[in-house]
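Structural description and commentary
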Amino acid sequence: MYCVFIPLAFLMAVCLARMILPQILRAAFMKRLFDIPDERKLHTSAIPRLGGFSFVPIILFTLAFICALVCRYDAEPVRQRILSVFPETMLFICGLVVLYLVGILDDMVGARYRVKFSAQIVAAICIALSGIWIDNLYGLFGIYALPPLAGIPLTMFVVVLVINAINLIDGIDGLASGLSGVSLFVLGVVLIMQQSWVFALLAFTTLGMLFTFFFYNVFGSTDRQRKIFMGDTGSLVLGYIQIFLAIQVLAFPSPQPFGNMFPVAFATLFLPVFDVFKVMVVRLAHKKHIFLADRNHIHHKLLRTGLSANRSMVLLVFCHAMFCVVDIWLSLYGIDLTILVLVNIVVWLILNTGVDYVIHLREKKV
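Keep in mind the model is a prediction, meaning the values are calculated, not measured. (Residues numbered from 1 in each chain as written. Predicted model: local features only at pLDDT ≥ 70, side-chain atom pairs only at ≥ 80, totals over all residues. Heavy atoms only, no water.)

This paragraph deals with the overall build of the protein chain. Of regular secondary structure, the protein chain possesses 13 helices and two strands. Its C-alpha atoms give the protein chain a radius of gyration of 20 Å, within 12% of the compact-globule value 21 Å for 366 residues. A buried classification covers 54% of the 366 residues belonging to the protein chain. Pairs at least 24 apart in sequence give 75% of the contacts found in the protein chain among residues at least 6 apart. Counting only carbon and sulfur atoms, one obtains 69% of the accessible surface of the protein chain, whose full area is about 16900 Å². Positive and negative side-chain charges of the protein chain, numbering 27 and 19 respectively, have mean locations separated by a distance of 7 Å. (Helix = DSSP H or I, 4+ residues; strand = E, 2+ residues; numbered from the N terminus. Rg over C-alpha atoms; globule rule 2.2 N^0.38 Å. Buried < 20%, exposed > 50% of the residue type's maximum accessible area, 1.4 Å probe, protein only. Contact = heavy atoms within 4.5 Å. Areas by Shrake-Rupley, 256 points an atom, 1.4 Å probe, with all protein chains shown as cover. Lys, Arg positive; Asp, Glu negative; His and termini not counted. Charge placed at Lys NZ, Arg CZ, Asp CG, Glu CD.)

Here it is in structure tokens:
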């Protein structure tokens, strides 16, 4: 019966988002809670940035409702699987709520980066306390099993990095939700293959919620008061969910459904993580604060080539999907992980160099 409950969770999240987002929009316009345009922002009119307020309530309600139905009506083995992951699920929810509350604070009145960074560390600690952490690199750069003293700090670092990556790449309409949608679909399918039912539910519930949000964010009309941003509340939550699911995929005990799971986790996070990593390296090279906002992200560069925001978004989501497909396909043929990672980095640097060249030619003409 569980194959029925996952599509049900997806549809329930779609419907809940369809009911809740218009109410958030209505409240935002009544109370004039807008994201005001400035010189750094692409939009030219006041748009609510409270879409992320709906994310955690929809996810938790759907997850709790479907899990209760499964425990009540499905077979005993499935109920036992749900109970077996109860502690790590509760700790994950603790971290999720912390990020959600800090995101609300930031979207409503603004929060200092130290407050946001502290919340991210607390969320990372919650994952580490659950007993699920990166304990094996599967031969990446010659490294295999990791002791807790190395694996737990690495896990916390990666959690904070991914949360910030999704937060910082949310710069044009549909980009963060589009990239996250691709990642959640891939992770959700793999989790189903691993029979990790609760976390597969989490993936497809979040995907369903994003499905509705995407249309309000990308196709919503400002004139009809139907356009909304996810804000930091949404992007922090999305980053946390993705890294949690990626670690779950990695932590699944052997034998895996197919081959090595490292390329799956790596591919679903590569584009946003490496983009923010590259930007921070550039900031350090120019002796700037790594948290200082600028316009060096890949989506900003694509806009400078003359592409529209929607075309830039579609191009990046397509590239992200291709990285996922090609990496997983290559992993099935047993490609060395170090080579796979290095090839990804080289391809991404070549693409960035090509974009920089197009920008140079365009600005030279002007």
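Once you've had a look at it, read on.
This brings us to a nonpolar patch on the surface. Where nonpolar side chains cluster on the molecular surface, the patch consists of Phe318, Met322, Val325, Val326, Trp329, Leu332 and Tyr333 and spans about 750 Å² of accessible area. A relative accessible area of 61% means that Tyr333 is categorised as exposed. (Patch = residues over 30% accessible without salt bridge, like charges linked within 9 Å, V, L, I, M, F, W, Y side chains within 5 Å. Salt bridge = Lys/Arg side-chain N within 4 Å of Asp/Glu carboxyl O.)

To continue, consider the environment of Asn310. Within the secondary structure, Asn310 sits in helix H12 (residues 309-332). Between the alpha carbons of Asn310 and Asp173 there is a distance of 7.1 Å; along the sequence they are 137 residues apart.

Moving on to the pattern of salt bridges. Under the defined criterion, the tally for this structure stands at seven salt bridges. Notably, a salt bridge pairs Lys116 with Asp232, separated by 2.7 Å at the nearest N-O pair. A residue pair is termed long-range when its members are at least 10 positions apart, and Lys116 in helix H5 (residues 113-129) and Asp232 in helix H9 (residues 231-251) qualify at 116 residues. Accessibility classification places Lys116 together with Asp232 in one group, the buried group. Notably, a salt bridge pairs Lys301 with Asp356, separated by 3.2 Å at the nearest N-O pair. Within this pair, whereas Lys301 is found in helix H11 (residues 298-304), its partner Asp356 is found in helix H13 (residues 337-365), the two being separated by 55 residues in sequence. In this structure Lys301 comes out as buried when scored by relative accessible area, which is 7%. Assessed through its relative accessible area of 33%, Asp356 is described here as partly exposed.

This part takes up H9. Between its first and last C-alpha atoms H9 spans 31 Å; for 21 residues at 1.5 Å apiece the expected length is 30 Å, and the two agree. Here H9 lies mainly inside the structure; 20 of its 21 residues are buried. (Expected span 1.5 Å × (residues − 1).)

Another aspect to go through is the environment of Tyr138. Relative to the helices and strands, Tyr138 resides in strand E1 (residues 136-140). Sequence separation of Tyr138 and Val109 is 29 residues, and the distance between their C-alpha atoms is 44 Å. Among the polar contacts made by the side chain of Tyr138, one reaches the main-chain carbonyl oxygen of Leu250 at a distance of 2.9 Å. (Polar contact = N/O pair within 3.5 Å; in protein donor to acceptor, adjacent residues only side chain to side chain.)

Direction vectors running N to C along helix H2 (residues 55-73) and helix H8 (residues 197-219) enclose 135°, while the axes themselves pass 10 Å from each other. Comparing their axes, H8 and H2 come out oblique. Judged by the sense of rotation from one axis to the other, the crossing of H2 with H8 is right-handed. Across the interface between the two elements, Phe55, Ile58, Ile59, Thr62, Leu63, Ile66 and Cys67 of H2 pack against Val198, Leu201, Leu202, Thr205, Thr206, Met209, Leu210 and Phe213 of H8. Counted by class, the contact of H2 with H8 contains twelve nonpolar, three polar and no charged residues. (Axes fitted to C-alpha atoms, helices over the stretch in contact; angles between N-to-C directions. Parallel < 35°, antiparallel > 145°, perpendicular 65-115°, else oblique. Left-handed = near helix turned anticlockwise from the far one by under 90°. Nonpolar A, V, L, I, M, F, W, Y, C, P; charged D, E, K, R; others polar.)

A separate point is unusual backbone geometry. Glycine aside, negative phi is the norm for most residues, and most peptide bonds take the trans geometry. Of note in the backbone geometry, Phe141 takes a positive phi value of approximately 55° without being a glycine. You can see Phe141 is positioned in the loop between E1 and strand E2 (143-145). A positive phi is found at Gln195, a non-glycine position, where the angle reads about 60°. Following the sequence through the fold, Gln195 ends up in the loop between helix H7 (175-193) and H8.

Here the focus is the pairing of E1. Summarising the sheet, E1 and E2 pair through two bridges and their orientation is antiparallel. When the bridges of E2 are listed, Asn136 appears paired with Ala145. (Pairing = 2+ DSSP bridges.)

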